[in-house]
Amino acid sequence: MAKPKASYKVLVTDYVWPSLDPERKVLSEIGAEIIETPDQSEATLAELARDVDAVMTCFAQVTKKVVEAAKKCVVISRYGVGVDNISVDTATEQGIPVTYVPDYCVDEVSDHVMALLLSWNRQIQFYDGVAKIGDWSGTTSPYPLMRLRGRTLGIVGLGRIGQVVAKKAQSFGLNIVAFDPYVTSEHAVSIGVQLLGLPELMASSDYITLHPPLNEDTTALINANMIGRMKEDAYIINCARGPIIDEQALYQALSSHSIGGAGLDVMQESSPPPGHPLFSLDNVQVTPHVAFLSQQSVLELEIRTAQATVDVLQGRMPEFLVNHEVLDHSRICLNPR
């Protein structure tokens, strides 16, 4: 059962916002103390995890070793949507519920996808450059401007974000096709989307945006074979997880102009070096993993992650639980909401 109001310890492995003040406010209501890590190495996290009641994590790797070291831990809470940085199987084996916040940045990510698509389609970067050097003579961009209405956007992964992207793109007159093995054709039709197999989607889309979770099935899902099916002027967007795309295959296609371009908010490496080959290409737009970002989304993420931690520590079912199978043997009894 949950402890009475007392000295809980909550390990925060990492964060990318100014402070943990919102989390402290929520956690203080149950007398919880935040422990911040000096670094995100496995050894440091495993050592600090030994004496905490909960772990809250953003991008740090909460590995099998870290989870197994957390002998007192009753919940691991993820700041965000994906949980590929957490050894969820180990947590389940150890009886530790894992929470996440899958819907905090739906507006921000879908807006970012549309921003990249529109920026590419209207060649904003190119025309910004020529305007600033005084060329107002009607210079034509190397990638022709195309009317959006009537063109096709392919969405890989028709979950929360994918569906909102579809709705926003439809307002521009785009036709929407999607690949998602977990979505019924009836549901797709109800939102004006045609389901296709992945090869057919890659071949028929003028723009492609990726929104599946990262797992064994989706790692390098967009490989050389799939990229090779794309139209010569097609543009691919990844605001999901970097490893979904085979970067070497993407580079080869972009550098040979086999496809039009790419907009990347995430890459295989979480912090790729400045000399990354893709950065040298003029048909690649890159943003540094900020698709989720707004003042509102970050504050919401901080508060809801902390609240999920509080809920489990107090024996309540969290709003979003990743590993439901843990309920039969979790370290703490969770009452339904």
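Located above this text is the structure these notes cover.
Numbering of residues begins from 1 in every chain and follows the order in which that chain's sequence is written. Side-chain atom pairs in this predicted model are given and counted only at pLDDT of 80 or more, local residue features only at pLDDT of at least 70, and totals for whole chains, interfaces and linings cover all residues. The side-chain values count all of the structure's non-hydrogen atoms but skip hydrogen atoms and water molecules.

Asks: Just to check I follow, could you spell out the pattern of salt bridges for this structure?
Replies: Opposite charge on two side chains permits them to pair, given that their charged atoms come into close proximity. We define a salt bridge as a contact between a side-chain nitrogen of Lys or Arg and a carboxyl oxygen of Asp or Glu at a distance within 4 Å. This structure, assessed with the given rule, holds 16 salt bridges. Linking Glu 47 and Arg 50 is a salt bridge whose minimum nitrogen-to-oxygen distance equals 3.4 Å. Across the pair Asp 206 and Arg 151 runs a salt bridge, and its minimum N-O distance is 3.3 Å. Highlighted residues: Asp 206 in the loop between helix H9 (198–204) and strand E9 (207–210) and Arg 151 in the loop between helix H6 (124–132) and strand E6 (152–156), separated in sequence by 55 residues. Helix and strand assignments follow DSSP, with helices taken as H or I runs no shorter than four residues and strands as E runs no shorter than two, numbered in order from the N terminus.

Asks: Please clarify how the sheet that holds E9 should be interpreted in this entry.
Replies: Strand pairing in a sheet takes place through backbone hydrogen bonds and is either antiparallel or parallel in direction. In space, the seven strands of this open sheet follow the order E8-E7-E6-E9-E10-E11-E12, with parallel pairing throughout. Here the strands that pair on one side only, and so sit at the sheet edges, are strand E8 (194–195) and strand E12 (284–286). Strand direction decides the pairing type here: strand E7 (residues 175–179) and E8, joined by two bridges, are parallel. Of the residues in E8, the one forming a bridge with Val 177 is Gln 194. Pairs of residues are marked as contacts when any of their non-hydrogen atoms sit within 4.5 Å. Whenever a helix is involved, its axis is fitted only over the stretch in contact; in every case the axis is a line through C-alpha atoms, and angles between N-to-C directions fall within 0 to 180 degrees. Sheet contacts for helix H5 (residues 106–121): E6, E9, strand E10 (235–238), strand E11 (261–264) and E12; angle to E10, the most-contacted strand, approximately 155°. Two strands form a pair only when DSSP identifies at least two bridges running between them.

Asks: What should I look at first to understand the side chain of Arg 151 in this one?
Replies: A simple rule labels every residue: compare its accessible area, found with a 1.4 Å probe on the protein chains alone, to the largest value its type can have, and call it buried under 20%, exposed over 50%, or partly exposed in between. The class of Arg 151 is buried, set by a relative accessible area of 12%. Each polar contact in these results corresponds to two N or O atoms within 3.5 Å; when the atoms are within protein, one needs to be able to donate a hydrogen and the other to accept it, and residues that are neighboring in sequence are counted only if both atoms are side-chain atoms. A distance of 3.3 Å separates a polar atom in the side chain of Arg 151 from a polar atom in the side chain of Asp 206. Looking at Arg 151, its side chain comes within polar contact range of the side chain of Tyr 207, at 3.0 Å. Each residue touching Arg 151, except ones within four places of it in the same chain, is listed here: Met 146, Leu 174, Asn 175, Asp 206, Tyr 207 and Asp 233.

Asks: Whenever I open this one, the environment of Gln 194 confuses me. Can you help?
Replies: Turning to its location among the elements, Gln 194 is positioned in strand E8. The exposure class of Gln 194 is partly exposed, given its relative accessible area of 46%. Each C-alpha atom of the pair Gln 194 and Ile 176 lies 6.5 Å from the other, and the pair is 18 residues apart in sequence. Filtering out sequence-adjacent residues up to four positions away, Gln 194 remains in contact with Ile 176, Val 177 and Ala 178.

Asks: It is not clear to me how the packing of aromatic side chains should be interpreted in this structure. Could you clarify?
Replies: Aromatic ring pairs: the centre-centre distance and the angle between the two ring planes describe each pair. Two rings belonging to Phe, Tyr or Trp (six-membered ring only in the last case) form a pair when the distance between their centres is within 6.5 Å. Interplanar angles under 30 degrees mark stacking, angles over 60 mark edge-to-face geometry, and anything in between is tilted. Evaluated as defined, the whole model comprises six aromatic pairs. Measuring from centroid to centroid gives 4.8 Å for Trp 17 and Tyr 79, while their planes differ by 70°, and the two rings are edge-to-face. Of this pair, Trp 17 sits in the loop between strand E1 (8–12) and helix H1 (21–28) while Tyr 79 sits in the loop between strand E4 (75–78) and helix H4 (88–93), placing them 62 residues apart in sequence. Taking the relative accessible area as the measure of exposure, Tyr 79 reaches 1% and is therefore buried. An aromatic cluster is present here, built from Tyr 15, Trp 17 and Tyr 79 joined pairwise through their rings.

In short, the description is geometric, and any link to function would need to be established separately.
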